[in-house]
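A closer look at the structure
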Amino acid sequence: MPKSQFLGVFLNGEVTALVVDDHKVSQIIHHQLLNFFGIKNHVVGNRKEAIEIPYSGKKFDLILMDRDMPVLNGIEATKKLRDMGVRSTIAGVSSHSISEERQEFFEAGLDDCHEKPLTAAKLLSVVSKIKSKA
């Protein structure tokens, strides 16, 4: 089966993503995983950069948001993006599994949340929700 048809999800550049993570290894893993499934993506190293993206006119279907980063944490960045009118699906990617911390992230405007490491199955779960909205 061609990789773009994995689990019935047809991507081939139809979905775009922004990866927001300060950890270089996570950036590389997420970037390569997105590329593998034909998802065009852009990587930034902090939430301040993520907040500046909408001002540049770039739009993404998906934003993978790390929870804990310097400059502006994922919760604050998610709130700010929602306040700016960003309607992209924002999926939190966190090393935290404590329900109270995850709940705070969801209350900020998160659509989905997965514990690190991000796997193909987790990514495709999020992407399938995006595709079903279209």
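Residues numbered from 1 in each chain as written. Predicted model: local features only at pLDDT ≥ 70, side-chain atom pairs only at ≥ 80, totals over all residues. Heavy atoms only, no water.

As annotated in an unreviewed UniProt entry, the protein carries the name Two-component response regulator 24-like and comes from Rhodamnia argentea.

Scanning the protein from N- to C-terminus turns up five helices and five strands. Reading the helices (α) and strands (β) of the protein from amino to carboxyl end gives β-α-β-α-β-α-β-α-β-α. Its C-alpha radius of gyration of 14 Å places the protein within 12% of the 14 Å reference for a compact globule of 134 residues. Once the C-alpha set of the protein is aligned to its principal axes, its extents read approximately 40 × 35 × 30 Å. Of the contacts made within the protein by residues no fewer than 6 positions apart, 63% connect residues no fewer than 24 positions apart. On the protein, roughly 7000 Å² of surface is accessible, and the fraction owed to carbon and sulfur atoms is 54%. Taken as two groups, the 18 positive and 17 negative side-chain charges of the protein have centres that lie 7 Å from each other. (Helix = DSSP H or I, 4+ residues; strand = E, 2+ residues; numbered from the N terminus. Rg over C-alpha atoms; globule rule 2.2 N^0.38 Å. Contact = heavy atoms within 4.5 Å. Areas by Shrake-Rupley, 256 points an atom, 1.4 Å probe, with all protein chains shown as cover. Lys, Arg positive; Asp, Glu negative; His and termini not counted. Charge placed at Lys NZ, Arg CZ, Asp CG, Glu CD.)

Our next topic: the side chain of threonine 78. Residue placement: threonine 78 occurs in helix α3 (residues 74-83). For threonine 78, a relative accessible area of 0% translates into the label buried. Within the structure, threonine 78 has its side chain in polar contact with the backbone oxygen of glycine 74 (distance 2.7 Å). Dropping the residues within four chain positions of it, threonine 78 is found in contact with Met65, Ile90, Phe105, Ala108, Gly109 and Leu110. (Buried < 20%, exposed > 50% of the residue type's maximum accessible area, 1.4 Å probe, protein only. Polar contact = N/O pair within 3.5 Å; in protein donor to acceptor, adjacent residues only side chain to side chain.)

Where α3 is concerned, the buried positions are Gly74, Ile75, Ala77, Thr78, Leu81 and Arg82. What you see down the axis of α3 is that its buried residues fit within an arc of 165°, all on one side. Tucked inside the fold, the buried residues of α3 contact α2 (47-52), β3 (62-66), β4 (89-94) and α4 (99-107). A side-chain oxygen of the first residue of α3 lies 2.9 Å from the backbone nitrogen of isoleucine 75; this N-cap is asparagine 73. Just downstream of α3 lies glycine 85, where phi reads positive at about 90°. (Arc of directions from axis to C-beta.)

Take helix α1 (residues 24-36) next. Helix length check: α1, at 13 residues, gives a terminal C-alpha distance of 18 Å against a target of 18 Å (1.5 Å per residue), a fit within 8%. Listing the buried residues of α1 in full gives Ser26, Gln27, His30, Leu33 and Leu34. Angularly, the buried residues of α1 cover 145° about the axis, an arc narrow enough to put them on a single face. What points out from α1, more than 90 degrees from its buried face, is the exposed set Lys24 and Gln32. Contacts made by the buried residues of α1 are with β1 (16-20), β2 (40-44), β3, β4 and α5 (120-133). Just past α1, the residue glycine 38 takes up positive phi, approximately 75°. (Expected span 1.5 Å × (residues − 1).)

Turning our eyes to something else, we now look at the UniProt feature "modified residue: 4-aspartylphosphate" (unreviewed entry) in the protein. UniProt tags Asp66 as "modified residue: 4-aspartylphosphate" (unreviewed entry). For aspartate 66, the position within the fold is in strand β3. Among the residues examined, aspartate 66 registers a relative accessible area of 5% and is labelled buried. When neighbours within four sequence positions are excluded, aspartate 66 is seen to be in contact with Val20, Asp21, Asp22, Arg47, Gly74, Val93, Ser94, Phe105 and Lys116. (UniProt positions renumbered as here; feature names shortened; annotations may be inferred.)

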